[in-house]
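# Chains, contacts and geometry: an overview
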Amino acid sequence: MSLIVQKYGGTSVGSVERIQSVAQRVYQTVTAGNSLVVVVSAMGKTTDGLVKLANAISANPSRREMDMLLSTGEQVTIALLSMALQEIGQPAISMTGAQVGIVTEAEHTRARILHIETDRLERYLNQGKVVVVAGFQGISSTGELEITTLGRGGSDTSAVALAAALRADFCEIYTDVPGILTTDPRLVPEAQLMAEITSDEMLELASLGAKVLHPRAVEIARNYGVPLVVRSSWTDDPGTWVTSPKPQGRSLVNLEIAKAVDGIEFDTNQARVALLRVPDKPGVAARLFGEIARQNVDVDLIIQSIHEGNSNDIAFTVTTPILKRAEAVAAAIAPALRSHPHAPAEEAEVMVEQNIAKVSISGAGMIGRPGVAAQMFATLAEAGVNIHMISTSEVKVSCVVGAQECDRAVAALRSTFEIAEDEAIGGQRGQGGQRGQGGLIQETSPSPAVRGVALDMNQVRLAIRQIPDRPGMAAKIFGLLAQHNISVDMIIQSQRCRVIDGIPRRDIAFTVARMDGENAQKMLAQAGTELGWGEVVLDSAIAKVSIVGSGMIGHPGVAAKMFAALSQHQINIQMIATSEIKISCVVAQEQGSKALQVIHEAFGLAGSEKFVVPA
Ligand code: ASP
Ligand code: MG
C-alpha cells in the first residue's frame, strides 16, 4: 500500500464528464489499496476567464484581490470532485489551501510555500477518505490570515509540496499530454516521449518543459527526493518519470527555499584556450570541436561571443592535465581557419591561460528572478576579482577568474548568498537518482548524452560594445537591468580585449525576453554615456537552441556533434554558452526551427512515428 498524491490539471477536470472520469481513476487507485490526496486545478480555462473579468474592471487590480478572485477557481473543482467521489461510494472530503494549512509567505500572486500542516490530512486519510485539495493556493501566517496564490501554473507546486510534507511514496501529475517529449512536437513531429528525465535536466529544459511542469515543483521534487511522474489523464500509459538524487533529510520548514542560490561550486583545475579572430561563418565551431573530440579531449565551458567585423572568438576550458593536448589541436587547426590569408593582423591566434578557476552559483530559485547574476558580479567586483569569462544557463552562472583569486571569490559569494561551507553544494547535480513505484525502489539507467532539445524564439540579443575592462562593470550593467526587473539569460563576455582611448575594453552580449528588448536597449544606451561604454546593439531576429543531458559530462564530442549538425545545414552559430549539462547556441531566427530539427535528428532522438499534437 502506498500513499500517493495525484494532481489533475485544468483540462483533465474541464467538464462534468471529465470530473467523473477523474473520480473513476481515483476510485481505482484507492481500490488497488492506496491512500490518496488529490490536488486539482480550476476547471478548463477558468483562471484565464477570471483574469479577464478583473482586467475589464481595473487595468491594475490589487494583488490581494486577484488572489481572492483566482483562488475561487480551484474551490469549485474540489467540491465537485468530492461530490463525484461520494456519488460512486468513495468517502472523500474537499479542503482549501487555508483549511489544510498550506502556509506561505505573505506575497500575493507569487507566494512560496513555507510549510504544510499534515495533521488534519492524515486524520482523514486514516479514516479511509480521499482528501481533495485546492491547488495553487495557500494562507499566509504572518499578521492577518490572508489567502495567497503561488503564481500561474502553481498547482503542480502544491501537489509536489504536499507529497514532500506527507512523505508520500510518489506524486503523479495528470495532464493532457502523454508526458515530457524530447522536443516541441509542433515543430518536430518526430519528437518522442521520454521514459525518464532527471530533475536537473528538467530544470535546464525550463523553456521546453515549463508548460508541462512548473519549475518550482521540479525543484521541490529534487530537494526532497519526491519521485514524480507526468502522465496523460486519458490513457493508462506510464508517462515520464522525473528522477532526483537521494533525499538529504532536509527540513520541512521553509519548504520552498526562499534562496535564489543554493549551491556554490569551484574548480581550480582548469585552463582556458581561446581562438581569436576565426571567421564568422558556418562550420568553424564544428571543425574545431570535431577535431578536439577526435583527440578525445573533454571540454567543459565553451563560449563564443558575438562577432566583431567578420570574425569571432571562441574559448573553452579544459582540465589542466589535458591542456597541452587541447592547445596542440587548436594550434594545428588555427592556420586553416584564417579568414584573411593576406592580412596577418587578422589572423586566427591561439591564446592559452593556465592559472584560472571556474566559480559557479546554482539554484532553481534564480529562474524568473532578475538580479541573481548581477549580485554575483557585484560580489566579485567588491572583492576585487576580475571576471575573464562568463557563461550562464537556466539555473547556473559560471565565471572564470584568476586561480589565485578563487578562494577570495568563493568566500565572498558564500557570504552574499548565505551558503555555509559545509552546505551540500547543489546536491549531486547531473546524477540520476532513485524512484519508488508502488514502494519499489529502482535504480535509474545512466543518462544519455542528450535528453532533449529546446528552442526559444522569445528572446532578443543585446550587445554592449567597448566596455572598459575592469571589475564592477558587469555588476553595473546587470544591476541596472535587475532594477528594471529584466531577467537576462546567456550572458557572454568577449575574449578580445582592445585598447581604445588608453583603456582596455571588451564587449558583453546577452539575451533578454523579447518584450524587454527595446527598454533595455534605451536604458543601457543612456547609462553608457555616463559609464563610458560604446554602442548598444539590439538584434531581435535571433533564436536560441539548446541541448540538455546529464550524460554529456565526461563524454567528449557532444558539442562537436551539435555544431556539425548546424554546419551541415549552413546554419551560422552567432553565440555559444554552456553549463555542465547544457549547450546553447544563438542562431538567426529564420533558421531556428530548422536548427531544432537537425539537432534533434543528429542525436538520434527522432522516432519513426510522428507525434500527433492534440487539438
Ligand atoms: N489555475 C491556476 C492557473 O491556471 C493554477 C494551475 O492550474 O496550476 O494558473
Ligand atoms: Mg499546468
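Shown above is the structure to which this text applies.
Worth saying up front: this structure is predicted, and the values here are computed from it rather than measured. (Residues numbered from 1 in each chain as written. Chains lettered and ligands numbered in written order. Predicted model: local features only at pLDDT ≥ 70, side-chain atom pairs only at ≥ 80, totals over all residues. Heavy atoms only, no water.)

## Structural notes on the nonpolar core
In this structure, Phe289, Ile302, Phe316, Ile547, Phe563, Ile583 and Ile599 are the most contacted members of the largest nonpolar core, which totals 54 residues. Look past the residues within four positions of isoleucine 583 in its chain and what remains in contact with it is Val545, Ser546, Ile547, Met552, Val558, Ala559, Met562, Phe563, Ile576, Ala577 and Thr578. Residues Met366, Ala373, Val385 and Ile467 belong to the second largest nonpolar core, which totals 50 residues. (Core = buried A, V, L, I, M, F, W, Y, C linked by side-chain atoms within 4.5 Å. Buried < 20%, exposed > 50% of the residue type's maximum accessible area, 1.4 Å probe, protein only. Contact = heavy atoms within 4.5 Å.)

## Description of a nonpolar patch on the surface
On the surface, a nonpolar cluster with roughly 240 Å² of combined accessible area is contributed by Val76, Leu80 and Met83. Within the fold, methionine 83 resides in helix α3 (residues 63-87). Given the relative accessible area of 47%, methionine 83 is considered partly exposed. (Patch = residues over 30% accessible without salt bridge, like charges linked within 9 Å, V, L, I, M, F, W, Y side chains within 5 Å. Areas by Shrake-Rupley, 256 points an atom, 1.4 Å probe, with all protein chains shown as cover. Salt bridge = Lys/Arg side-chain N within 4 Å of Asp/Glu carboxyl O. Helix = DSSP H or I, 4+ residues; strand = E, 2+ residues; numbered from the N terminus.)

## Some thoughts on helix α15 (residues 517-531)
With 15 residues, α15 extends 20 Å between its outermost C-alpha atoms, agreeing within 8% with the 21 Å of an ideal straight helix rising 1.5 Å per residue. Among the residues of α15, Gly517, Ala520, Met523, Leu524, Ala527, Gly528 and Leu531 are the ones counted as buried. Around the axis of α15, the buried residues are gathered within 145° of arc, so they sit on the same side. Exposed and facing more than 90 degrees away from the buried side of α15 are Glu518, Lys522, Gln526 and Thr529. Its buried side turned inward, α15 meets β22 (459-468), α14 (473-483), β25 (503-513) and β26 (536-539). (Expected span 1.5 Å × (residues − 1). Arc of directions from axis to C-beta.)

## Examining the pairing of strand β27 (residues 542-548)
Among the seven residues in β27, seven count as buried, and that is most of the element. Of the pairings in the sheet, the one linking strand β21 (residues 452-456) to β27 comprises five bridges and is antiparallel in character. What sits directly across from aspartate 456, in β27, is lysine 544. (Pairing = 2+ DSSP bridges.)

## Quick look at the site of ligand 1
In the region of ligand 1, the neighbouring residues are Ser41, Thr47, Glu74, Phe136, Arg152, Gly153, Gly154 and Ser155. Between ligand 1 and threonine 47 there is a distance of 2.8 Å, counted from a nitrogen atom to a side-chain nitrogen or oxygen. Relative to its unbound accessible surface of 260 Å², ligand 1 loses 86% to contact with the protein. Residues of the shell around ligand 1, tallied by class, amount to one nonpolar, five polar and two charged. (Near = heavy atom within 4 Å. Polar contact = N/O pair within 3.5 Å; in protein donor to acceptor, adjacent residues only side chain to side chain. Nonpolar A, V, L, I, M, F, W, Y, C, P; charged D, E, K, R; others polar.)

## Notes on the packing of helix α10 (residues 284-294) against helix α11 (residues 323-333)
α11 packs onto α10 with a crossing angle of 140° between their chain directions and a minimal axis gap of 10 Å. The orientation of α10 relative to α11 falls into the category oblique. Two packed elements cross with a definite hand, and for α10 against α11 that hand is right-handed. Across the interface between the two elements, Arg287, Leu288, Glu291 and Ile292 from α10 touch Val329, Ala330 and Ile333 from α11. For the contact of α10 with α11, the per-class residue count stands at five nonpolar, no polar and two charged. (Axes fitted to C-alpha atoms, helices over the stretch in contact; angles between N-to-C directions. Parallel < 35°, antiparallel > 145°, perpendicular 65-115°, else oblique. Left-handed = near helix turned anticlockwise from the far one by under 90°.)

Everything listed here is a matter of geometry and, on its own, says nothing about what the molecule does.
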